[in-house]
Amino acid sequence: TEIYTLSLHDALPIWRLGAAAVLLSPAWRRTEVENALALTTPSHAVGDHPVLAEVMPMMSLDDAVTPGQRPFEAPAADSDALFVFSSGTTGMPKAVRHTHGAFAVAVRHWRDALQLSSDDRMQIMTPPSHILGLLNIVMALDTGAWIRLHRRFDVDLMLHHIEKERITIEMAVAPIALALAAHPQLDGYDLSSLRYIMWCATPVTQSVAEAVTRRTGVNWVTAYGTSELPVIACNQLEDARLDAVGRPVPGVRARIVSLEDGEVLSPGAIGEIQVRSDSVMAGYLPSEVTAEAFSDGWYRTGDVGYLDTDGWLRITDRAKEMIKVRGFQVAPAEIEAVLHGHDAVDDCAVFGVPDTANGEAIVAAVKMSRPVEADELIALVADRLASYKRP
């Protein structure tokens, strides 16, 4: 029960029908699930999401009757393929629309960047409800690579499978990297099959990555993408640099613009990172927030950084207020709205602070009309929102 089998990968038959898949996080509480359903109005539910089962009828694949092979026309390239969710600074997560054509381009960009082939054996512990998790799964299936999926992260289980199944590519975010560096028996595992470990979705902690490399001999590769444009930049696989997220991949253009007036800046100047590619999202739901995400056709990442004279991209800050926890974007306003629901909260402000394990940690500064224990407010947020949004 610890491992997802490929028969449970529902997106491919949904896409063959010409339908779109809505990806819901299993960490979400009822408020978040109801918001997602209101935005996307799905007609059917498949899976084992505990909250989803409470709010709409669930289909059972075990009980489904299959009448045999049925032909379907290939879905139009500009039709919706999937909806993933990306938090906005003003409240609940927005639905990000990806078409079949655009997501196929993203899959190709990722496969080329990783130099993935059918000979690779890939282990993934990032959730399929996150754009990175789904991208990895679809890429592996499309390429014919062997794939190992896990229901949840367990560092010992991960190391066991690398050794026993001769995994060639391991995907990691900051908590996984930290767990590897801190593992007392890391040196005892045979990790020689790994071509590299890919660090994605969270800022690289160079000391942690170097500690793992010293103990195992395995190098890291860094990459950069967003829910709206899944593959933006990737490092070279040989002698990858940890101080940059890489160069824009072929098929993606990047520019840096001034935070003050939007003018395009020269190499070395710091500003907002903007990108354009055929893999970019079709827009958001609600649709009225789509326009502000673009500038003259360029997607505004909200990340601050610079391109050097050799084309290397470095991220230095966030232009938006988003807090990034374990690769997930958290909107301060979403947590503030929950805290304001407590009768003793007069005012509050939520922000992020650097955190080695998670990228950023969430902090809430709260003005109270009467004394209240911090644990009570933390529990209130945990009851309403996903656990990674807890202060």
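Scroll up to find the structure.
In this report, we go over the structure that sits alongside the text. Remember, predicted model here, so these are calculated numbers, not experimental data.

**Points about the nonpolar core**
Within soluble globular proteins, side chains that are nonpolar generally end up buried alongside one another.
So, step 1. Counting residues in hydrophobic clusters, the biggest one holds 55 residues, and the most contacted among them are Leu82, Phe103, Trp110, Leu114, Met122 and Met198.
So, step 2. Examining the composition of this core, we find that eight residues originate from one element, helix α5 (residues 131–143), more than from any other.

**Remarks on helix α10 (residues 374–384)**
So, step 1. Taken as a whole, α10 has its buried residues at Leu377, Val381 and Ala382. All buried residues of α10 project into a common sector of 140 degrees when viewed along the axis, lining one side. Exposed positions of α10 whose direction lies more than 90 degrees from the buried face are Asp375 and Asp383.
So, step 2. In this structure, the buried side of α10 is in contact with α9 (332–340), β21 (345–355) and β22 (359–368).

**Regarding the packing of helix α6 (residues 155–165) against helix α7 (residues 174–182)**
So, step 1. Two elements in contact, α6 and α7, have axes separated by 10 Å at closest approach and are oriented at 80 degrees. Our classification of the angle between α6 and α7 gives roughly perpendicular. In contact with Val155, Met158 and Leu159 of α6, α7 contributes Ile176, Ala179 and Leu180.
So, step 2. When the residues that make up the contact of α6 with α7 are grouped by side-chain class, the tally is six nonpolar, no polar and no charged.

**Details of the pairing of β22**
So, step 1. As judged from the ten bridges shared by β21 and β22, these two strands associate in the antiparallel manner. The residue of β22 that forms the bridge with Val353 is Ala361.
So, step 2. Between β21 and β22, which pair antiparallel in sequence order, lie three residues.

**A short note on the pairing of strand β14 (residues 271–277)**
So, step 1. Taken across its seven residues, β14 has six buried, putting it largely inside the fold.
So, step 2. Of the strand pairs in this sheet, β14 and strand β17 (residues 298–307) are connected by four bridges, and their pairing is antiparallel. Across the sheet, Gln274 pairs through a bridge with Arg300, a residue of β17.

Basis of the calculations
Residues numbered from 1 in each chain as written. Predicted model: local features only at pLDDT ≥ 70, side-chain atom pairs only at ≥ 80, totals over all residues. Heavy atoms only, no water. Core = buried A, V, L, I, M, F, W, Y, C linked by side-chain atoms within 4.5 Å. Buried < 20%, exposed > 50% of the residue type's maximum accessible area, 1.4 Å probe, protein only. Helix = DSSP H or I, 4+ residues; strand = E, 2+ residues; numbered from the N terminus. Arc of directions from axis to C-beta. Contact = heavy atoms within 4.5 Å. Axes fitted to C-alpha atoms, helices over the stretch in contact; angles between N-to-C directions. Parallel < 35°, antiparallel > 145°, perpendicular 65-115°, else oblique. Nonpolar A, V, L, I, M, F, W, Y, C, P; charged D, E, K, R; others polar. Pairing = 2+ DSSP bridges.

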